[in-house]
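Reading the structure
Listed here are the chains, written in short residue letters.
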Amino acid sequence: AFAYATLFVSHAFAGALLTIALSVAHRSRAIASPSRLAFAGFAASWAAISEYPVAIVSIAIWGYVLGTLGLRRAIAFALGALPPIALLAAYNHACFGSPFSISYASVADPYFRDEMSRGFFGLEAPRLSVAAQVMFGEFRGLLPLSPFLVLAAPGFVRCTHERALR
């Protein structure tokens, strides 16, 4: 989280909203009130309008609600998702002339525009070189920022082999 906390991007915010949406949706299995599910839909949708690629995760959470709670509850989730979507449509219309325009298409920075034009808003199939940069890269790599994470691998092995730690 530290690496993203030093940037002015909404990754941590979107991740928190998705965590809230999934938590509320999961807890709704015990108390499946439509208002709780609408709130979960609102949180998932707000995450998606904050970081477009997480729309995939928001849809997956809706699929979880549909699969575990049924169509009626999934509709409540979807209705809760409508206000942020309407807000995004109004913003896009005011700024770009169409409610269906995507702001990533109007980015001024050529490097960022090029990156966002690949795949689904920059989201592509995993690449080993990118994974290596995320783990070992000098620019916000996980291990240079948090070298104690090296201990996670032996800790995981120990936890899987010792019954008491599982």
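Refer to the structure presented above.
Below you will find a few notes about this structure. As the structure is a prediction and not an experimental result, all values here were calculated from the model. (Residues numbered from 1 in each chain as written. Predicted model: local features only at pLDDT ≥ 70, side-chain atom pairs only at ≥ 80, totals over all residues. Heavy atoms only, no water.)

1. A few points about the overall build of the protein
Condition: What counts as a helix is a DSSP run of H or I of at least four residues, what counts as a strand is a run of E of at least two, and both are numbered from the N terminus. Using a 1.4 Å probe on the protein chains alone, a residue whose accessible area is under 20% of its type maximum counts as buried, one over 50% counts as exposed, and one in between counts as partly exposed. In this description, contact between two residues means that some pair of their heavy atoms is separated by no more than 4.5 Å. To measure how exposed things are, a 1.4 Å probe is used in the Shrake-Rupley method; for residues, cover is taken only from the protein chains shown. Charge convention: Lys and Arg are scored as positive, Asp and Glu as negative, and His as well as the terminal groups of each chain are ignored. Where a charge sits is defined by one atom per residue type, namely NZ (Lys), CZ (Arg), CG (Asp) or CD (Glu).
A count of helices and strands for the protein gives nine helices and zero strands. When the helices and strands of the protein are listed from N to C terminus, the series reads α-α-α-α-α-α-α-α-α. The dimensions of the protein, computed from C-alpha atoms along their principal axes, are 50 × 50 × 25 Å. Buried positions account for 26% of the 166 residues belonging to the protein. The contacts in the protein between residues at least 6 apart in sequence include a share of 55% that link residues at least 24 apart. Summed over all atoms, the accessible surface of the protein reaches about 11100 Å², with 71% contributed by carbon and sulfur. Computed over 12 positive and 7 negative side-chain charges, the separation of the two mean positions in the protein equals 20 Å.

2. Some remarks on the packing of helix α3 (residues 34–50) against helix α5 (residues 71–96)
We apply this condition: In this analysis an axis means a line fitted to C-alpha atoms, helices contributing only their contacting stretch, and an angle means the value between N-to-C directions, from 0 to 180 degrees. If an angle is under 35 degrees, it is roughly parallel; if it is over 145, roughly antiparallel; if it lies from 65 to 115, roughly perpendicular; otherwise it is oblique. Note on convention: the crossing is left-handed when the near helix lies turned anticlockwise from the far helix by less than a right angle, right-handed when the turn is clockwise.
α5 packs onto α3 with a crossing angle of 40° between their chain directions and a minimal axis gap of 7 Å. Considering their axes alone, α3 and α5 lie oblique with respect to each other. Remark: the crossing between α3 and α5 carries right-handed chirality. In this structure, α3 uses Pro34, Leu37, Ala38, Ala40, Gly41, Phe42, Ala44, Ser45, Trp46 and Ile49 to contact α5, whose residues at the interface are Arg73, Ala76, Phe77, Gly80, Ala81, Pro83, Pro84, Ile85, Leu87 and Leu88.

3. Regarding the packing of aromatic side chains
Let me state the cut-off plainly: To pair, rings of Phe, Tyr and Trp, with the six-membered ring standing in for Trp, must have centres within 6.5 Å; the planes then decide the type, stacked if under 30 degrees apart, edge-to-face if over 60, and tilted in the middle.
Tallying each qualifying case throughout the model produces two aromatic pairs. Between the aromatic rings of phenylalanine 42 and tryptophan 46, the centroid separation amounts to 5.8 Å while the plane-to-plane angle is 25°, which identifies the pairing as stacked. Residue phenylalanine 42 and its partner tryptophan 46 are located together in helix α3, separated by four residues, close to a single helical turn. Geometrically, the ring pair formed by tyrosine 91 and phenylalanine 96 is edge-to-face, given 6.1 Å between the ring centres and 80° between the ring planes. The exposure class of tyrosine 91 is partly exposed, given its relative accessible area of 42%.

4. What about the side chain of serine 10?
Threshold: By the criterion applied in these results, polar contacts are pairs of N or O atoms within 3.5 Å in which, for protein atoms, one can donate a hydrogen and the other can accept it, and in which residues neighboring in sequence qualify only through two side-chain atoms.
Inspection of the secondary structure puts serine 10 in the loop between α1 (2–5) and α2 (11–27). A relative accessible area of 17% places serine 10 in the buried class. Separated by 2.8 Å, the side chains of serine 10 and glutamate 51 make a polar contact. With residues near it in sequence (within four places) discarded, serine 10 still touches Ser50 and Glu51.

5. A short note on helix α4 (residues 55–69)
Rules: Here the expected span of a helix is defined as 1.5 Å times the quantity of residues minus one. Here the arc refers to the directions that run from the helix axis out to each C-beta atom.
Compared with the 21 Å implied by 1.5 Å per residue over 15 residues, the 21 Å span of α4 between its first and last C-alpha is a close match. Within α4 the residues assigned to the buried category are Ser58, Ile61 and Val65. Buried residues in α4, looked at end-on, bunch into an arc of 55°, giving them a common side. Within α4, the exposed residues directed more than 90 degrees away from the buried face are Ile59 and Gly67. Buried positions along α4 lie against α2, α3 and α5. Positive backbone phi, at 95°, marks glycine 70, one or two positions downstream of α4.

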